[in-house]
Amino acid sequence: MHITTKDRIFNHLPPAMIAMVLAFWAFSPKTLLDSPWTLPVVSALIVITVLLLEQVHERHAGWRMNRQEFVADLFYSVLSATVIVWVSQAVAEDPLRAAKASLGITTDWAMHMPWLAQVALVIFLIEFGQYWMHRLMHNWTPFWLTHAPHHHITQLNAAKGAVGNPIELVLISLSVVALFDLRDTAIFAAINTTGVISVFAHANVRSDPPRWYSFFFTTIRHHSLHHSTDYEATRSNFGNSLILLDRIFGTYREGEGVIVGQGDRKRLSIWEQTMFPFQPIIDMYKARREKARSGQADGATTA
Ligand SMILES: [Zn+2]
Ligand SMILES: [Zn+2]
């Protein structure tokens, strides 16, 4: 395939954006770094930038953004940045931090590592947890029921990483980072770095990053295969941002998906995604009630 200058530029955008994010958190003025708004604003800017790139250099016409998809993506992006963050803080991070304090655990060594090493440690901690949580979701029904809605999406776009059942979104956000003493800016830089990687890995952008990048980091090729209609292929490439973990743990698979979506490729509404894990129980209850009712009717006719 002929590679144009435009392709070449787009192929280097993911690593360039990571470099920008790291430089931002390393060198910005202190007032900016200390503001509670900086992390959510940078996170949103990453998604908005890649959404705009979708308009400039599209990957597949079948994944083109439309109003219905945009509304759902926006809903889940806001949900992830608010409710999901609050819940995971309340159920995981705050208790972890309290336990760490009461047990007197200190990790001074982490605080004294070079800043970039701290960023790398946070990326590894987040991704290692997410890899095994994601793999568990694909292998155990109760967890799969929370993750399945994310696989029912029928096209890929920059914000699709945020689309899923709310329980799944909380589960996937769990990490042990709170147990370590680290610079806040290193944690935020790690969050934005994995953000850049996973946003590009869900985006409808014709960008195939250089070989060294796709050795370590998840790309749209890896992740579109994970979202494909081929069941066996969906059980590979679990790494949200660190595809290296799939290479290490033997779940890496080469390829690319174009037609995406689970089972019958039925697109789920926000309500259906929310209710999805409870649907088997609801169906069972309904069937039982139906049976009881027809039993009554039988009784009435024979009486
Ligand atoms: Zn999955
Ligand atoms: Zn995905």
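Reading the values: rules and limits
Residues numbered from 1 in each chain as written. Chains lettered and ligands numbered in written order. Predicted model: local features only at pLDDT ≥ 70, side-chain atom pairs only at ≥ 80, totals over all residues. Heavy atoms only, no water. Donors = N, O, S within 2.8 Å, 3.2 Å for Na, K, Ca; no water. Tetrahedral: all angles 85-135°; square planar, octahedral: opposite > 155°, others 65-115°. Buried < 20%, exposed > 50% of the residue type's maximum accessible area, 1.4 Å probe, protein only. Phe/Tyr/Trp six-rings, centres within 6.5 Å; stacked < 30°, edge-to-face > 60°. Helix = DSSP H or I, 4+ residues; strand = E, 2+ residues; numbered from the N terminus. Salt bridge = Lys/Arg side-chain N within 4 Å of Asp/Glu carboxyl O. Axes fitted to C-alpha atoms, helices over the stretch in contact; angles between N-to-C directions. Parallel < 35°, antiparallel > 145°, perpendicular 65-115°, else oblique. Left-handed = near helix turned anticlockwise from the far one by under 90°. Contact = heavy atoms within 4.5 Å. Expected span 1.5 Å × (residues − 1). Patch = residues over 30% accessible without salt bridge, like charges linked within 9 Å, V, L, I, M, F, W, Y side chains within 5 Å. Areas by Shrake-Rupley, 256 points an atom, 1.4 Å probe, with all protein chains shown as cover.

Can you explain the coordination of the zinc ion (ligand 2)? Please cite residues and give values.
Each protein donor to the zinc ion (ligand 2) is listed here as His 150 (NE2), His 202 (NE2), His 223 (NE2) and His 227 (NE2); together their distances run 2.1 Å. Coordination at the zinc ion (ligand 2) is irregular: its four donor atoms span angles of 86 to 160° at the metal. Written as a sequence motif, the donor residues of the zinc ion (ligand 2) are H-x51-H-x20-H-x3-H. For His 223, a relative accessible area of 3% gives the class buried.

Tell me about the packing of aromatic side chains, and please be specific about residues and values.
Under the definition given, this model contains 15 aromatic pairs. Geometrically, the ring pair formed by Trp 25 and Phe 188 is tilted, given 5.3 Å between the ring centres and 55° between the ring planes. Within this pair, whereas Trp 25 is found in helix 2 (residues 13-27), its partner Phe 188 is found in helix 10 (residues 184-201), the two being separated by 163 residues in sequence. Taking the centre distance of 6.1 Å and the plane angle of 80° together, the rings of Tyr 131 and Phe 238 count as edge-to-face. Taken together, the positions of Tyr 131 in helix 7 (residues 115-137) and Phe 238 in the loop between helix 13 (231-234) and helix 14 (244-249) put the pair 107 residues apart, joining distant regions of the chain. Taking relative accessible area as the criterion, Tyr 131 reaches 0% and is therefore assigned buried.

Which residues make up the pattern of salt bridges, and what values do they have?
Applying the stated criterion to the full structure yields 14 salt bridges. Glu 256 is paired through a salt bridge with Arg 59; the nearest N and O atoms lie 2.9 Å apart. Taken as a pair, Glu 256 in the loop between helix 14 and helix 15 (270-275) and Arg 59 in the loop between helix 4 (38-56) and helix 5 (67-102) lie far apart in primary sequence, 197 residues in all. Measuring nitrogen to oxygen at the nearest pair gives 3.5 Å for the salt bridge that ties Asp 230 to Arg 253. Of this pair, Asp 230 sits in the loop between helix 12 (220-226) and helix 13 while Arg 253 is found in the loop between helix 14 and helix 15, placing the two residues 23 residues apart along the sequence. Among the residues examined, Arg 253 registers a relative accessible area of 34% and is labelled partly exposed. Each of Arg 59, Asp 208, Arg 221, Glu 254 and Glu 256 takes part in salt bridges that share partners, so that together they form one network.

How would you sum up the packing of helix 2 against helix 7? Please name residues and give values.
Two quantities define a packed helix pair, namely the angle between the axes and the distance from one axis to the other. Contact geometry for helix 2 and helix 7: axes closest at 12 Å, N-to-C directions at 125°. Classified by the angle their axes make, helix 2 and helix 7 are oblique. Judged by the twist between their axes, the crossing of helix 2 over helix 7 is right-handed. Contact residues: helix 2 offers Leu 22, Trp 25 and Ala 26, while helix 7 offers Trp 115, Leu 116 and Val 119.

Go over unusual backbone geometry with me, naming the residues and quoting the values.
Backbone geometry places Asn 237, a non-glycine residue, at a positive phi of 50°. Within the element layout of this structure, Asn 237 appears in the loop between helix 13 and helix 14. Classification of Asn 237 by relative accessible area gives buried; the value is 0%. Of note, the phi angle at Arg 265 is positive, near 55°, even though the residue is not glycine. Mapped onto the elements of the fold, Arg 265 is located in the loop between helix 14 and helix 15. The class of Arg 265 is partly exposed, set by a relative accessible area of 33%.

Before we move on, can you summarise the packing of helix 7 against helix 8 (residues 141-151) with the specific residues and values?
At a minimum axis distance of 8 Å, the contact between helix 7 and helix 8 shows a crossing angle of 95°. Taken together, the axis directions place helix 7 and helix 8 in an arrangement best described as roughly perpendicular. Of helix 8, the residues touching helix 7 (which contributes Met 133, His 134, Leu 136 and Met 137) are Phe 143, Trp 144, Thr 146, His 147 and His 151.

Just give me the short version of helix 10, but keep the residues and values in it.
Taking 1.5 Å per residue as the helical rise, helix 10 with its 18 residues ought to reach 26 Å, and the 26 Å between its terminal C-alpha atoms agrees with that figure. Among the 18 residues in helix 10, 15 count as buried, and that is most of the element.

Which residues make up a nonpolar patch on the surface, and what values do they have?
Where nonpolar side chains cluster on the molecular surface, the patch consists of Trp 37, Val 41, Leu 45, Ile 48 and Leu 52 and spans about 550 Å² of accessible area. Leu 52 sits in the exposed class, given a relative accessible area of 54%.

If you had to explain the environment of Leu 268 to someone new, which residues and values would you point to?
Here Leu 268 lies in the loop between helix 14 and helix 15. Taking the C-alpha atoms as reference points, Leu 268 and Tyr 231, separated by 37 residues in sequence, lie 19 Å from one another. Not counting residues within four places of it along the chain, the set of residues in contact with Leu 268 comprises Pro 149, His 152, Gln 273 and Phe 276.

I'd like a description of the coordination of the zinc ion (ligand 1), backed by residues and values.
Surrounding the zinc ion (ligand 1) are the protein donor atoms His 134 (NE2), His 138 (NE2), His 147 (NE2), His 151 (NE2) and His 226 (NE2), at 2.1 to 2.2 Å. Along the chain, the residues donating to the zinc ion (ligand 1) fall in the pattern H-x3-H-x8-H-x3-H-x74-H. Separated by 75 residues along the polypeptide, His 151 in helix 8 and His 226 in helix 12 bring together distant segments of the chain. The pair formed by His 151 and His 226 is uniform in burial state, with each residue classed as buried.

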